[in-house]
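Listed below, chain by chain, are the residues.
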Amino acid sequence: MGFLKGTAEEIVEAVGEVVVQALACALLIGLAVLAVWGWSVSPVLTGAGGGLFALFTGYGLWEMFRGSERHRKGRLASAAVVTAGCVLLFAYFASGCSC
């Protein structure tokens, strides 16, 4: 019975991994389509939006890897750290995308 439980757990983990990776591929394709569409509508706004997002994510990474005694408390810093974490998680799963 223990063998079946362990096997079922590994199957569920593998299926979950495939689902998350498929979602990451779909998000990657969606972001590419959105970037191409935005660039065709307004290259300046698309570049500015991408740059601001990169700065915000960089700020989140900076706050994430600062010393624990030097963290800023506030909504902006917390939102930036969550955004940076989501970007890192997305980058991890999208790196295995074969789309």
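All values derive from a computational prediction rather than experimental measurement.

A. Quick look at the overall build of the protein chain. Within the protein chain, the secondary structure is distributed over 3 helices and 0 strands. Ordered by position in the sequence, the α and β elements of the protein chain form the string α-α-α. Projecting the C-alpha coordinates of the protein chain onto the three principal axes gives extents of approximately 60 × 45 × 20 Å. Taken over 99 residues, the protein chain has a buried fraction of 15%.

B. Up close: helix H2 (residues 43-65). Counted at 1.5 Å a residue, the expected span for H2 with its 23 residues is 33 Å, and the 33 Å between its end C-alpha atoms agrees. When H2 is considered as a whole, its buried residues turn out to be Thr57, Gly60 and Glu63. Tucked into the core, H2 has its buried residues touching helix H3 (75-94).

C. Focus on a negative patch on the surface. Taken together, Glu9, Glu10, Glu13 and Glu17 make up a surface patch of like negative charges. By the element assignment, Glu10 lies in helix H1 (residues 2-41).

D. Representation of the confidence of the model for the protein chain in the model. Mean pLDDT over the protein chain: 86, with 93% of residues reaching 70 or higher. The weakest mean pLDDT in the protein chain belongs to H1 at 86; the strongest belongs to H2 at 93.

E. Layout of H3. Compared with the 28 Å implied by 1.5 Å per residue over 20 residues, the 28 Å span of H3 between its first and last C-alpha is a close match. If you check which residues of H3 are buried, you get Ala77, Ala80, Thr83, Ala84, Phe93 and Ala94.

Rules behind the numbers
- Residues numbered from 1 in each chain as written.
- Predicted model: local features only at pLDDT ≥ 70, side-chain atom pairs only at ≥ 80, totals over all residues.
- Heavy atoms only, no water.
- Helix = DSSP H or I, 4+ residues; strand = E, 2+ residues; numbered from the N terminus.
- Buried < 20%, exposed > 50% of the residue type's maximum accessible area, 1.4 Å probe, protein only.
- Expected span 1.5 Å × (residues − 1).
- Contact = heavy atoms within 4.5 Å.
- Patch = residues over 30% accessible without salt bridge, like charges linked within 9 Å, V, L, I, M, F, W, Y side chains within 5 Å.
- Areas by Shrake-Rupley, 256 points an atom, 1.4 Å probe, with all protein chains shown as cover.
- Salt bridge = Lys/Arg side-chain N within 4 Å of Asp/Glu carboxyl O.
- Lys, Arg positive; Asp, Glu negative; His and termini not counted.
- Charge placed at Lys NZ, Arg CZ, Asp CG, Glu CD.
- pLDDT = per-residue confidence, 0-100.

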